[in-house]
Amino acid sequence: MTENEWFKISGYLKSGYSGRQFLNDPVDVEIWFRELKDLDAVKLTLAARKFVSTSKFPPTISELREAAAEIENGE
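What you are looking at is a predicted structure, and each value in this text was computed from that prediction instead of being measured.

Cut-offs and rules
- Residues numbered from 1 in each chain as written.
- Predicted model: local features only at pLDDT ≥ 70, side-chain atom pairs only at ≥ 80, totals over all residues.
- Heavy atoms only, no water.
- Helix = DSSP H or I, 4+ residues; strand = E, 2+ residues; numbered from the N terminus.
- Expected span 1.5 Å × (residues − 1).
- Buried < 20%, exposed > 50% of the residue type's maximum accessible area, 1.4 Å probe, protein only.
- Arc of directions from axis to C-beta.
- Contact = heavy atoms within 4.5 Å.
- Polar contact = N/O pair within 3.5 Å; in protein donor to acceptor, adjacent residues only side chain to side chain.
- Core = buried A, V, L, I, M, F, W, Y, C linked by side-chain atoms within 4.5 Å.

J.: Got a minute to help me understand helix α1 (residues 3–16) in this structure?
T.: Because an α-helix packs 3.6 residues into every turn, residues spaced three or four apart end up facing the same way. The end-to-end C-alpha separation of α1 is 20 Å, in line with the 20 Å expected for 14 residues at 1.5 Å each. For α1, the complete set of buried residues consists of Trp-6, Ile-9, Ser-10 and Leu-13. Taken end-on, α1 shows its buried residues confined to a sector of 100°, consistent with a single buried face. Residues of α1 that are exposed and angled more than 90 degrees away from the buried face: Asn-4, Lys-8 and Ser-15. In this structure, the buried side of α1 is in contact with α2 (26–36), α3 (41–54) and α4 (61–72).

J.: I'm lost on α3 in this one. Help?
T.: Helix length check: α3, at 14 residues, gives a terminal C-alpha distance of 20 Å against a target of 20 Å (1.5 Å per residue), a fit within 8%. By the burial criterion, the buried members of α3 are Ala-41, Leu-44, Ala-47, Ala-48 and Phe-51. When α3 is viewed along its axis, its buried side chains cluster within an angular range of 125° and face the same direction. Looking at α3, the residues exposed on the side facing more than 90 degrees away from the buried face are Val-42, Ser-53 and Thr-54. Tucked into the core, α3 has its buried residues touching α1, α2 and α4. Put simply, Asp-40 is the residue that caps the front of α3, since its side-chain oxygen is 3.1 Å from the backbone nitrogen of Val-42.

J.: Sorry, what's going on with the nonpolar core here?
T.: A general trend in soluble globular proteins is that nonpolar side chains are found buried together. If you look at the biggest cluster of nonpolar residues, it comprises 20 residues, and the most contacted ones within it are Met-1, Trp-6, Ile-9, Leu-13, Leu-36, Leu-44 and Leu-64. For this core, the secondary-structure elements that each account for two or more residues are α1, α2, α3 and α4. Other than its neighbours up to four places away in sequence, Trp-6 contacts Met-1, Leu-13, Leu-23, Val-29, Trp-32, Phe-33, Leu-36 and Leu-44.

Given below as structure tokens:
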């Protein structure tokens, strides 16, 4: 995933959880990118959409990785 793709995904997540202090700090956005940049942007986008549409709580890095893996495995 490119940094530009991550900024779009992180913006989507921030919008989905706008009532919370979530990914508001540029340092947090950079840390999350470093931990997620090896993932496919399409699968991570689908994982982010899943969380925004089904969970009232924002995901952790590990939850997003797990959701992206489930999507990759067809679960």
